[in-house]
Structures are given as C-alpha cells and as structure tokens.
Amino acid sequence: MNGRLRLRALLTGLVIGLALCVFTPYNSAVLRNVPLSGGHFPMAPFFIVAWMFVLDALASRLTRRPPVFSGVELLVVWLMAVIFSAIGYAGLTETFFVNITAPERFAKDAYRWTEVLGPLLPQAWFPHSAEAVSAFYNGLRGGRDMNLLAVLAAIPWGVWLPVLAVWSFFILGAFFVMLCLMALFGRQWVVNERVLFPLVRVPALMGEALDQKQILSWWGNTYLLVGLTLAGALHLINGLHFYYPSVPAVPTLVLAGSYFPKYGLFSGFHKLKLYIIPAFIGFAFLTTRQISFSMWAFHLLAGLLFGLLYVMGWQLPEAALGTTLGPDLARPEGAQTIGSYLVFFGFLLWLARHHLKETVMCALRRTCTESDPAGTSPIETLPATWQPPSWPLWGLLLGMLALTGWCWFFGLPLMAALLLPVMFVVVVLVTSRLVCQGGLPYFTLTAAPSDTLMGLFGSGFFGSAGLAATAVMQKVLFLDMREAVAPTLFHGAKVQQDARRKNLVLAAIGLSLVLALIVAFVTMLVLGYKYGLRELGLDWATQTVLGNYESAQRLVDQPVGPNAWTITYAGFGALAMIVLIVCYYRFPWWPLHPLGYLAAYSAGMTILWFPFFIGWLCNHLVLHYGGTRLFNRVRFLFIGLILGEFLMGGVYAVIGLYSGQSYAVFPL
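Here the structure is a predicted model, which means the values were calculated and not measured. (Residues numbered from 1 in each chain as written. Predicted model: local features only at pLDDT ≥ 70, side-chain atom pairs only at ≥ 80, totals over all residues. Heavy atoms only, no water.)

Focus: the overall build of the protein
Next, step 1: Counting secondary structure elements, the protein contains 25 helices and two strands.
Next, step 2: The C-alpha atoms of the protein give 25 Å as radius of gyration, which agrees with the globular expectation for 668 residues (26 Å, within 12%).
Next, step 3: Contacts spanning at least 24 positions in sequence make up 84% of the contacts within the protein whose residues lie at least 6 apart.
Next, step 4: Put simply, the protein shows about 27,300 Å² of open surface, and 65% of that area lies on carbon and sulfur atoms.
Next, step 5: Across the protein, 39 positive and 27 negative side-chain charges occur, with their mean positions spaced 10 Å apart. (Helix = DSSP H or I, 4+ residues; strand = E, 2+ residues; numbered from the N terminus. Rg over C-alpha atoms; globule rule 2.2 N^0.38 Å. Contact = heavy atoms within 4.5 Å. Areas by Shrake-Rupley, 256 points an atom, 1.4 Å probe, with all protein chains shown as cover. Lys, Arg positive; Asp, Glu negative; His and termini not counted. Charge placed at Lys NZ, Arg CZ, Asp CG, Glu CD.)

If you want it as structure tokens, here you go:
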C-alpha cells in the first residue's frame, strides 16, 4: 500500500463512526434487529468499508482518475468505525447505564445486595434522583411522540452530568492506558515479532488491491467467487427458511453432546456443539497452523481433563472455588487461566525486553529523539538507528498512577489500589495478543482481574468498601471482553505501520475514543428517556449486572481467605504455561502454541473450536499437498467465505429494518 493518509479519510471515518455510534444501540435495543456490532470483527463497519472499496474502484475506472481513498485510508475508516460501534453499545454502554443505576432502581425491590452494598458504594458514581432514574427506566410520559430536541431538553442533565463526568475520568484514563500500551508494544508486535493479525488480513488485502488498481479483478478471482457463492447460498437458503418455514434449512449447528455420556471419561463433552460458520472457518485458515491447531486441541483437552478428574475421583464441586466475580469462572479447573495469564504476560515482556530497554533508556536521556518522528520514511525501509519514542512509557506510568489514585480515592486499600490496575493491564495486554494473533473474532473472559487477587490474598485484601467498588468498576470495562476496545487499538498498530503519517492514525484513534464516549452516553440517555430502558431488550445486561452485585454482596457478608484450590489450579496453569512457552520457544517442531491454552476455558471457544478445526484441517491439507503456491491461490476461497458471510449479514440487517424480523447470520 502507498501509505497515503489525508484529512478526508479522517472526516469520513468520523461521519461513519458517529452514525454507527448512534444507530447501533437504536438498531439492537429498539428495533431488535440483527446486531450491527459484537465481537472483534463487527459486521457493520466491515460491510460498509467493503462496499467503499468496490465503489471507490468503480469510480476510479469510470472517471479514469485515481481512487478517492487509498487502501490505508479505508483501513483507517474501518478502524475508526469499529471503535465507534464498540463503545456505542456492546463494548461499553450496553451494561454501563444498568450498572450505575441499579442501586437506585432496585433499592425498593428487597434485594439483599442493595442493603449491604448501598452504604459502601461511592455516592459520586451513581445518580441519586429516584424520579430521574424512574423516568429513565420507564420513559418520559409521551416520550415516544417527542422529537429529539424535546427529549434532550427533558433529560435532567443536572443529575447525570456530575456522574458521567466522574466516570468519564476513569473510562478515558483506562482508554489512555490502552493507547499507551498500543504505542509501547505495537511496533514490537508488528515489526519485531511479525505477528500475523489474521482479522486485519482481508481488509489489508483489499487495500493492497485498490492501490494496485486490481480491486475489481481481485473480486473476480475464481476461488473468491466460489467462497462467496458457498457462503451466500448457505444464508440465502437459511434466510428463506427463516421467513418461509416451508423452505428446508441447511443445519449449521450439530448438538454432538448427546453422543457422549453424562458421566465418565468423556463427560466433559456432554454439551459439545459443532457450529459451522464459514467466516470463522476463513479466519482460522488465515491463522498460522500451529495456532489454529492449538485453539481447538486445547479446548478438547480441557473437556477431556474434566472427565479424567471425574474418573480418578479428583473432581471438585463448584463450591470449592467459592464466590468469584469472573463471568465464566464456574469450575475450579477454570482457575488455570489465572496462572497462565500471569506467566504469558511475563513472556510478552520478555519477548519485548530489548524494545522496552531501548524505550526506558530513551526516556531517561534528554537527547534521545525519534529518528523518524513524523513517520515520513518509506514504509518498507526501517531507520538505520531507530529509537522508540518515550511518551508511551511516561503516559503509561501517568495513566496507571491516575487509575491507582482513582481506586484509592474511592475506597480501595492502597495495596489493592496499586495491584488492581496492574491486573487490568495484564488482562488487557494478554487478551489483545490472544485476539490479534489468534484471529479470534469472538472471545469472552473466564476469570475477572480481581479474581486473581482474591484467590491469592482473600477478600479482606480489598476490604468491604473496596470489594463493592471493585465489582462495579471492573464491570464497566474489564469484565465483558466480547467487543473490548484494546484489541481494536492493537489492530490500529498494524494499520499504523502501513501509513506514512503514523501520528495522524494515532490522533484519529484518540479522537474517536473521546467522541465515541460522549456520543454513546448521550445516545443511551435519549433512548432511555424516549422509550424506557426496561423496553430496550437489556435482559442480558440486567442479569449480569445483578449477578455481579450479588456476588459482591456475598463476599462482603462472608469474607473469605486465600482459596487453596484457586492457588493450586492457578499454579498448575502457570506451570503448564511455562512448559508450553519453553517448548514453543526451544523446539521448532513443537505443535502447540501457548495461545490455545489461554483460550481453552473461554465460553467463546464453544462456538469457535469446530470452525478452527475445519480451518486448520484445510490449511494443513493445502500446504501439505500443494505448498505455498497452492495456498496463495486457495486462500481466496476462504476470503470469499468471510466476505460472503459478512455481506449476507449486512443484507439481512437491511431487510430486518423494513420487515420487522431479522435473520441472524452469526450465532453471537
């Protein structure tokens, strides 16, 4: 790609992003249409940008002029659109307003947690007007007939602005820390380690074809058309079945659990499901074989371990784990992820040791300057004496200090206030690497950041007020990782590497984060007061928020000490990860990648494991029998599967706007 980046691309990205930030929650919560966002490769941004690639190439051919946008520019547009759509709903506001209004909303509903946690929670975090919260949940009287300006005028801003200002400090501080992590580790991952970034591969290939004026012939590739046809035909038939049940459907889900016994060695597979998702098969094919193999292999090994422990009589009840705040930490075996995350975080630091050393030395030397500060050198030419900029390191330290101060000010003991933001960084960095290198379009966290500290030191480490504050705080940004912002920022590091004006990409990301937060807050307030929050289909958000508060209440009522079984399984996870890392690093023939172990207990792998198995199998057969020459040709078939499924998803989303019924292409 030529790397050209102009202001028009940033303005286009802002317009599209703002539109998605407003329309995404309206589409999901009010219209109950196919979700436009969700996952780490959301449908709407890619659907829009894919058509922009095609229309840009067509306009260039018809007018015989250069394309309006370059490949890098459209990648930046896509990146900004993903950030806006994530913050606009699934990545933040879907649960945020339920989270901060729950104490007032359910104060009179005889919930035990409202009595226990109410006096402990910081008053500045929540609106304390029963009338304002009631109107937010039930909607304004006649609100559905009000226009936008009337609804905006009716919102009690005096109640909401102080609360949102306090939370904006925490959220923007967390975003700033993530941005510094991206700037600090981005070049290490992209240039030094050559991480593949499978989720960015398809947009990047489209950008290269556009710059080479081959985008139309690229779409005409025979293998790509076959993949498009397969995915399109599948969802054409199943879509017709959805609207006209007399049309037979093609099964995309096989409930294989019935073939395994409920007890015994294979009892871990009693709920096994086989999802056939063409786009996810395509992502798995584009991922390296070692990683795609490890993803499904470790998931099956985790199921086998469950049955093995049962047969040997070593299986522990769920109660042995105690009360946790993790979204999917239901069984003691899942605590392995705690140790594996910590060890893999150390491994990432060790891989970047030379880069981090140079950065630290640059930060300590006043004469140290970036050799190419504007990013004006040719893309493929690295500076002879490159020195990393020091601002990400200082920014990270300043951001961590701000988060520590926030935690301490709002009730956490000093040591907990120091360590909890560190665990936030561990989870963010490891999850970002898992999504970016593993090519996971969908990922959920197993253990919460606080579960590590509680398992090691007990609930008394946080104190009663600290426990209540921690439960609310981490629910905002660090618990629901389905569409977390951090992996998208690291995808931005890959896009940034191809741009000439790298600082402009960074500015676009920062501006998107700030504007998305403001617009997302205003949009959800408008929707709540116009339609009523309880009418917006937020059942999942309400259930998870109430469960989070109830878990915190149980920990306050019955404090627990360090959990021996959590420590045992976390220690086993750490030891297993050390062995995997040593074998991965020392033996070229080693077939297992540590990333697979990190994702083994994620609920997302129940959907992804079979597509990754098919993608790995196809990748293996193609490379084994045809080598890289055949791979470079056949990969377009799997790119076609990705394009076909996302394009069909976009088409059905448009149909759903008018029909009132929507066929969901993705089971997320």
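Some points on the packing of helix α8 (residues 157-192) against helix α21 (residues 502-531)
Next, step 1: In the contact formed by α8 and α21, the axes pass within 11 Å of each other and the chain directions differ by 150 degrees. In this view, α8 runs roughly antiparallel relative to α21, as classed from their interaxial angle. Note on packing geometry: the crossing formed by α8 with α21 is right-handed. Residues Trp157, Trp160, Leu164, Ser168, Ile171, Leu172, Phe175, Leu179 and Met182 of α8 lie in contact with α21, whose contacting residues are Leu506, Ile509, Leu513, Val514, Leu517, Phe521, Val522, Leu525 and Tyr529.
Next, step 2: In terms of residue class, the contact of α8 with α21 is made up of 17 nonpolar, one polar and no charged. (Axes fitted to C-alpha atoms, helices over the stretch in contact; angles between N-to-C directions. Parallel < 35°, antiparallel > 145°, perpendicular 65-115°, else oblique. Left-handed = near helix turned anticlockwise from the far one by under 90°. Nonpolar A, V, L, I, M, F, W, Y, C, P; charged D, E, K, R; others polar.)

Notes on the packing of helix α11 (residues 222-243) against helix α25 (residues 605-659)
Next, step 1: Viewed as axis vectors pointing N to C, α11 and α25 meet at an angle of 30 degrees, and their least axial separation amounts to 6 Å. The angle between α11 and α25 falls in the class roughly parallel. Two packed elements cross with a definite hand, and for α11 against α25 that hand is right-handed.
Next, step 2: Looking at the contact of α11 with α25, its residues break down into 19 nonpolar, eight polar and two charged.

Some details on a nonpolar patch on the surface
Next, step 1: A surface patch of nonpolar side chains, amounting to about 960 Å² of accessible area, comprises Tyr263, Leu265, Phe266, Leu301, Leu304, Leu308, Tyr310, Val311, Met312 and Trp314.
Next, step 2: Tracing the sequence through the fold places Leu301 in helix α13 (residues 289-311).
Next, step 3: According to the relative accessible area criterion, Leu301 is partly exposed, its value standing at 43%. (Patch = residues over 30% accessible without salt bridge, like charges linked within 9 Å, V, L, I, M, F, W, Y side chains within 5 Å. Salt bridge = Lys/Arg side-chain N within 4 Å of Asp/Glu carboxyl O. Buried < 20%, exposed > 50% of the residue type's maximum accessible area, 1.4 Å probe, protein only.)

Details of the side chain of Ser450
Next, step 1: Relative to the elements of secondary structure, Ser450 occurs in helix α18 (residues 449-457).
Next, step 2: When sequence neighbours within four positions are dropped, the list of residues in contact with Ser450 reads Leu325, Leu420, Phe462, Thr470 and Gln474.

A closer look at the pattern of salt bridges
Next, step 1: Counted according to the given criterion, the structure contains eight salt bridges.
Next, step 2: Among the salt bridges present, the one from Arg6 reaches Glu73, with a minimum N-O distance of 2.8 Å. Of the two residues, Arg6 sits in the segment before α1 (7-30) while Glu73 sits in helix α3 (residues 71-88), which places them 67 residues apart along the sequence.
Next, step 3: Here Glu73 falls in the buried class, since its relative accessible area comes to 0%.
Next, step 4: Among the salt bridges present, the one from Glu193 reaches Arg433, with a minimum N-O distance of 2.5 Å. With Glu193 in the loop between α8 and α9 (198-211) and Arg433 in helix α17 (residues 414-438), this residue pair connects regions lying 240 residues apart in the sequence.
Next, step 5: Judged by relative accessible area, which is 4%, Arg433 ranks as buried.
Next, step 6: Three or more residues are tied together by salt bridges with common partners; here these are Arg112, Glu115 and Asp557.

As for unusual backbone geometry
Next, step 1: One non-glycine residue, Arg64, adopts positive backbone phi at about 55 degrees.
Next, step 2: Along the polypeptide, Arg64 turns up in the loop between α2 (43-63) and α3.
Next, step 3: Located in the positive-phi region is Lys213, a residue other than glycine, with phi close to 60 degrees.
Next, step 4: Mapping Lys213 onto the fold places it in the loop between α9 and α10 (215-219).

Notes on the confidence of the model for the protein
Next, step 1: Averaged over all residues, the pLDDT of the protein is 91; the fraction at 70 or higher stands at 96%.
Next, step 2: Highest mean pLDDT in the protein belongs to helix α12 (residues 278-286) (97); lowest belongs to helix α15 (residues 353-364) (88).
Next, step 3: For residues 370-386, every residue scores under 50 in pLDDT, and the model assigns this stretch 30 contacts once sequence neighbours within four places are set aside. (pLDDT = per-residue confidence, 0-100.)

What to know about the nonpolar core
Next, step 1: If you look at the biggest cluster of nonpolar residues, it comprises 235 residues, and the most contacted ones within it are Trp167, Ile171 and Trp218.
Next, step 2: When residues in this core are grouped by element, the largest group, 22 residues, is from α25.
Next, step 3: By size, the runner-up hydrophobic cluster in this structure holds 10 residues, among which are Leu309, Ala320, Leu329 and Ala335. (Core = buried A, V, L, I, M, F, W, Y, C linked by side-chain atoms within 4.5 Å.)

Points about the side chain of His299
Next, step 1: Among the structural elements, His299 can be located in helix α13.
Next, step 2: The contacts of His299, once residues within four sequence positions are left out, are Ala600, Met605, Thr606 and Trp609.

Side note on helix α23 (residues 564-586)
It helps to recall that an α-helix has 3.6 residues per turn; residues three or four apart then point in one direction.
Next, step 1: Under the 1.5 Å per step criterion, the end-to-end length of α23 is 33 Å for 23 residues, consistent within 8% with the ideal 33 Å.
Next, step 2: Among the residues of α23, those classed as buried are Thr566, Tyr569, Ala570, Gly573, Ala574, Ala576, Met577, Leu580, Ile581 and Cys583.
Next, step 3: In this fold, the buried residues of α23 make contact with α13, α14 (336-351), α18 and α24 (594-599).
Next, step 4: Capping the start of α23, Asn563 holds a side-chain oxygen 2.9 Å from the backbone nitrogen of Trp565, two or three residues further along. (Expected span 1.5 Å × (residues − 1). Polar contact = N/O pair within 3.5 Å; in protein donor to acceptor, adjacent residues only side chain to side chain.)

Re the environment of Val654
Next, step 1: Inspection of the secondary structure assignment puts Val654 in helix α25.
Next, step 2: Between the C-alpha atoms of Val654 and Leu617, which are 37 residues apart in sequence, the distance is 34 Å.

Section: the packing of aromatic side chains
Next, step 1: Applying the stated criterion to the full structure yields 60 aromatic pairs.
Next, step 2: With 6.0 Å between their ring centres and 90 degrees between their planes, Phe96 and Trp167 make a pair best called edge-to-face. With a gap of 71 residues between them, Phe96 in helix α4 (residues 93-105) and Trp167 in helix α8 connect regions that are remote in the sequence.
Next, step 3: Relative accessible area serves as the criterion here: at 0%, Phe96 is assigned to the buried category.
Next, step 4: On the basis of relative accessibility, which here comes to 0%, the residue Trp167 falls in the buried class.
Next, step 5: Ring centres 5.7 Å apart and planes at 50 degrees place the aromatic pair Phe298 and Tyr597 in the tilted group. With a gap of 299 residues between them, Phe298 in helix α13 and Tyr597 in helix α24 connect regions that are remote in the sequence.
Next, step 6: Lying over the aromatic face of Tyr137, Arg105 brings its terminal NZ or CZ to 5.0 Å of the ring centre. (Phe/Tyr/Trp six-rings, centres within 6.5 Å; stacked < 30°, edge-to-face > 60°. Lys NZ or Arg CZ within 6 Å of the ring centre and 35° of its normal.)

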